[in-house]
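# Observations on chain architecture
Now for the letters of each chain:
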Amino acid sequence: MTVADDRPLILSLGGINMDLVTFAGRLPQDGETVVGDRFVTYAGGKGANQAVAVARMGARSAMVGRVGDDMFGPELIELLESVGVETAAVGVSEGVSSGIAVISVGEGGQNRIVQVLGANDTCGEAEYDGVTALLPAASAVLLQLEVSVDLSLRVAELAASEGVTVILDPGPVRPVPADFYRYVSVITPNETEAEALVGYTITGLEDAARAAGELLSRGVGAAVIKLGAQGAYWADGEGSGHVQPFPVEAVDTVAAGDACNGALAVALAEGRSLEDAVRWGSAAGALAVTKVGAQDSMPTRDAVLALL
C-alpha cells in the first residue's frame, strides 16, 4: 500500500552548476595574482541550490533544468537525488558543457563569481513542458535568471494563471521585462540586484523600503530585499517590516540567498505569514554562511527551527 505524501511540492526552474572554488586571504585586484590557500569543487547553481534548500527544509522538491554531456552532468544529477530532489525533469544537452561557476572566496567569506551558463542556456520547450506536467500538484515555483528570461516569464504567467505562488530571485542581474512583475507573488533581490532593478544605490533600510515600494508598484505581490548583515526588509500590500539579522560567523557567503529562498518558499507553502517566512529565510541564510559550499551549506529544517 502506497502512503500519500502530503508535503507541499515546490518546483525550481533554474541553473544547475558545478562550482570551482579558490580560497585566499584576500581577493586580487585587477591584473593582480594572489596565492590561494586551497581549491575545491562543489555542486551549485541557483536553481539547484534552492531545490536542495527546499528538500532540506522537509518539503517535496522537484528540479527542472538541464546539465551537459560532460563529466559533471551525471554527478550533478546524482547529488540532487542524494538529498531527495526529484530529477525526472532534468534533461541532458549534447555537445554542451554543464553550467560552471568559477568562484574566488576571500577572508570573511566575500566572493567574486564568473559564471558560464552552458547547458542552462539551452533550457526551453522541454523545461516548459516539465513544469506544465508538475504544476497541478505544486504549491510554489522558484525562478531565477540563470535560464532564459523568456522561459521564466512564460512559466511565471502559467503558474500565476493556476494560482501557484511564484517566487522570483532576480539573479544573476539581467533586464526583467515590465510584464514579468505582475505574475510574481514574491520577488527577493539582494542589494545589488535591487539596485539594478530600481536604478539607485541600496545602502540601508530607507533605500530598501523605497525599492520595495517601487517593485510593488510594478505589480509584484510582495518584495523581500535581502540586506546581508543588515537582515531583510519585506513589504506587501498590507504591511512592511524589518527582520533583524541572526548573528553568525561568516565563512562563505555563496548561496546564502538560495538558502533563504528555499526556506521562505517552504514557510509560505505551509501557510505561514510573509513576515514569518522572511524570518525562516533569514535564519536559513545565516546558517548557510557558516559552512563552505553551495548545496552542501543548505541547512536542515531542524537547524533552522533551532536558530529561530
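Residues numbered from 1 in each chain as written. Predicted model: local features only at pLDDT ≥ 70, side-chain atom pairs only at ≥ 80, totals over all residues. Heavy atoms only, no water.

## Observations regarding the sheet that holds strand E2 (residues 17–23)
- Overall, mixed pairing links the 4 strands, which are arranged E3-E2-E6-E7 in an open sheet. The open sheet has two edge strands, strand E3 (38–44) and strand E7 (111–116), and neither has a second partner. With direction set aside, neighbouring strand axes in the sheet form an average angle of 20°.
- Looking at chain direction, E2 and E3 are connected through 7 bridges and run antiparallel. Pairing of Asp-19 across the sheet is with Tyr-42, part of E3. (Pairing = 2+ DSSP bridges. Helix = DSSP H or I, 4+ residues; strand = E, 2+ residues; numbered from the N terminus. Axes fitted to C-alpha atoms, helices over the stretch in contact; angles between N-to-C directions.)

## Brief notes about the sheet that holds strand E9 (residues 165–168)
- On the basis of which strands lie adjacent, the open sheet formed by 9 strands has the order E5-E4-E1-E8-E9-E10-E11-E12-E13 and mixed pairing. With one partner strand each, in any of the chains shown, strand E5 (85–93) and strand E13 (240–243) form the two edges of the open sheet.
- Contacts between helix H1 (residues 46–56) and the sheet are confined to strand E1 (9–13), strand E4 (60–68), E5 and strand E8 (138–143), with E4 contributing the most and set at about 155° to the helix. (Contact = heavy atoms within 4.5 Å.)

## As for the packing of H1 against helix H7 (residues 256–269)
- At their nearest, the axes of H1 and H7 sit 8 Å apart, and the two run at 45° to each other. The angle between H1 and H7 falls in the class oblique. Seen from above, H1 lies across H7 with right-handed handedness. Note on element contacts: H7 touches H1 through Asp-258, Ala-259, Asn-261, Gly-262 and Val-266, opposite Lys-46, Asn-49, Gln-50, Ala-53 and Val-54.
- Its residues assigned to classes, the contact of H1 with H7 shows 4 nonpolar, 4 polar and 2 charged. (Parallel < 35°, antiparallel > 145°, perpendicular 65-115°, else oblique. Left-handed = near helix turned anticlockwise from the far one by under 90°. Nonpolar A, V, L, I, M, F, W, Y, C, P; charged D, E, K, R; others polar.)

## Notes on the nonpolar core
- The biggest cluster of nonpolar side chains holds 57 residues, and the ones touching the most others in it are Ile-10, Ile-16, Met-63, Val-224 and Val-278.
- Looking at this core element by element, the count peaks at 9 residues for helix H8 (residues 274–288).
- With near-sequence residues (within four places) excluded, Ile-10 lies in contact with Val-54, Ala-59, Arg-60, Ser-61, Ala-62, Ala-140, Leu-142, Ala-265, Val-266 and Ala-269.
- Membership of the second largest hydrophobic core comes to 46 residues, among which are Leu-13, Val-147, Ile-225 and Leu-227. (Core = buried A, V, L, I, M, F, W, Y, C linked by side-chain atoms within 4.5 Å. Buried < 20%, exposed > 50% of the residue type's maximum accessible area, 1.4 Å probe, protein only.)

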